[in-house]
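One letter stands for each residue in the lines below.
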Amino acid sequence: MNSKSETCLTNEAILIQSVICSKKVKLIAQANTCLKKLKNKNVQFIPELSSVQITGTLLKDLVVIQGFIKGVVIVDGKCVKKITLSFQEEVICEGACPGDTLKLTTPILEGTLPPQVIPNHGHEGSTVVVKVILSVQATVVREKIGTVSVTIIGDINEDCCKQPPCSPTVIFCEVEKETHEEHHHYDQDFDEDFPELCEQSESPDKW
């Protein structure tokens with residue numbers, strides 16, 4: 001790196017993420033289901049938080065969040081039905097554009113409302129209205145280029161602009177031909193010094 005005497009103040013271009021808006025959003029998931037013989041019975045709904053699926057869409061000045069959560073309806077302590085609750089919320093976000101980036105946090109379960117049982121007049125059974133309230137933090141960001149005044153000390157890799165070294169020159173030499181006796185004698189010496197290598201070379205199928 002450069003010495004302290006060689007440092008200088010300069011304007012550097014940087015890439016930054018500018019926050020357009022950031023809001024906490026309440027998501028009300030709801031579903032209606034029909035159940036029979038619910039008179040004077042205890043009805044509950046148990047949501048499965050791990051089943052939450054959520055997506056976000058950016059429009060001009062608007063964030064649309066959609067998704068669903070699954071759960072089970074319990075009557076007098078017995079699981080009687082599995083249902084899916086859907087939700088959709090629109091959030092005003094001034095300055096947002098479709099090309100921006102939307103970031104959503106992991107949904108948090110705010111609460112589960114007691115199921116609302118509505119008798120069906122003239123029909124057997126009742127309609128059960130189930131609601132779950134979730135919340136997420138929605139943040140819209142946009143990448144921008146800016147400048148900042150910094151003191152440059154030096155490059156981490158001072159050789160980053162240098163050309164790589166040339167490859168060494170390889171010279172191929174012709175090996176003198178050995179006589180049959182010399183070659184046979186060499187093989188014997190090789191076998192005695194490296195018996196394991198010899199066995200491996202004679203049995204290539206073992207590899």
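Everything below is about the structure printed above this text.
Residues numbered from 1 in each chain as written. Predicted model: local features only at pLDDT ≥ 70, side-chain atom pairs only at ≥ 80, totals over all residues. Heavy atoms only, no water.

Undergrad: Describe the state of the cysteines, listing the residues and the values that go with them.
TA: Two cysteines form a disulfide when their sulfur atoms are joined by a covalent bond. Tallied over the entire structure, the rule returns 1 disulfide. Sulfur-sulfur distance for the disulfide between Cys21 and Cys93 comes to 1.9 Å. Residues Cys21 and Cys93 are joined through a disulfide that is left-handed, its torsion about the S-S bond being -115 degrees. With a gap of 72 residues between them, Cys21 in strand 1 (residues 8–35) and Cys93 in the loop between strand 4 (78–92) and strand 5 (101–104) connect regions that are remote in the sequence. Grouping residues by exposure puts Cys21 and Cys93 together as buried. With no disulfide of its own, Cys97 lies 9.3 Å from the sulfur of Cys93, the closest cysteine sulfur. With relative accessibility at 23%, the residue Cys97 sits in the partly exposed group. (Disulfide = S-S within 2.5 Å. Helix = DSSP H or I, 4+ residues; strand = E, 2+ residues; numbered from the N terminus. Buried < 20%, exposed > 50% of the residue type's maximum accessible area, 1.4 Å probe, protein only.)

Undergrad: Explain a positive patch on the surface residue by residue, including any values.
TA: A cluster of basic residues, Lys36, Lys37, Lys41 and Lys78, forms a positive patch at the surface. Position of Lys37 relative to the elements: it lies in the loop between strand 1 and strand 2 (43–59). (Patch = residues over 30% accessible without salt bridge, like charges linked within 9 Å, V, L, I, M, F, W, Y side chains within 5 Å. Areas by Shrake-Rupley, 256 points an atom, 1.4 Å probe, with all protein chains shown as cover. Salt bridge = Lys/Arg side-chain N within 4 Å of Asp/Glu carboxyl O. Lys, Arg positive; Asp, Glu negative; His and termini not counted. Charge placed at Lys NZ, Arg CZ, Asp CG, Glu CD.)

Undergrad: Could you give an account of the pattern of salt bridges, with specific residues and numbers?
TA: Summed over all chains, the structure comprises 3 salt bridges. Residues Lys24 and Glu110 are paired through a salt bridge, measuring 3.7 Å at the closest nitrogen-oxygen approach. With Lys24 in strand 1 and Glu110 in strand 6 (residues 108–112), the pair connects residues that are 86 residues apart, well separated along the chain. For Lys24, a relative accessible area of 55% gives the class exposed. Its relative accessible area of 37% is what places Glu110 among the partly exposed residues. Two residues, Lys26 and Glu110, come together in a salt bridge whose shortest N-O distance is 3.7 Å. In this pair, Lys26 is assigned in strand 1 and Glu110 in strand 6, connecting sequence segments 84 residues apart. Lys26 sits in the partly exposed class, given a relative accessible area of 43%.

Undergrad: Would you mind going over unusual backbone geometry in detail, with residue names and values included?
TA: Its identity as a non-glycine residue notwithstanding, Asp61 has a phi of 60 degrees, on the positive side. Here Asp61 shows up in the loop between strand 2 and strand 3 (62–75). A relative accessible area of 22% means that Asp61 is categorised as partly exposed. A positive phi angle is found at Asp76, which is not glycine, with a value near 50 degrees. Structurally, Asp76 can be placed in the loop between strand 3 and strand 4.

Undergrad: Go over the nonpolar core, please, and point to the residues and values.
TA: By size, the foremost hydrophobic cluster in this structure holds 29 residues, and its most contacted members are Ile65 and Leu85. Going through the elements one at a time, strand 1, strand 2, strand 3, strand 4 and strand 8 (126–152) are the ones with two or more residues in this core. With 7 residues, strand 8 is the single largest residue contributor to this core. In this structure Leu85 touches Ala29, Gln30, Ala31, Phe45, Gly67, Phe68, Ile69, Val130, Lys131 and Val132, once residues within four positions along its chain are discounted. (Core = buried A, V, L, I, M, F, W, Y, C linked by side-chain atoms within 4.5 Å. Contact = heavy atoms within 4.5 Å.)

Undergrad: Go over the side chain of Ser51, please, and point to the residues and values.
TA: Position of Ser51 among the secondary structure elements: in strand 2. Note on Ser51: relative accessible area 13%, which makes it buried. Ignoring sequence-local partners within four residues, the contact set of Ser51 consists of Phe68, Ile69 and Lys70.

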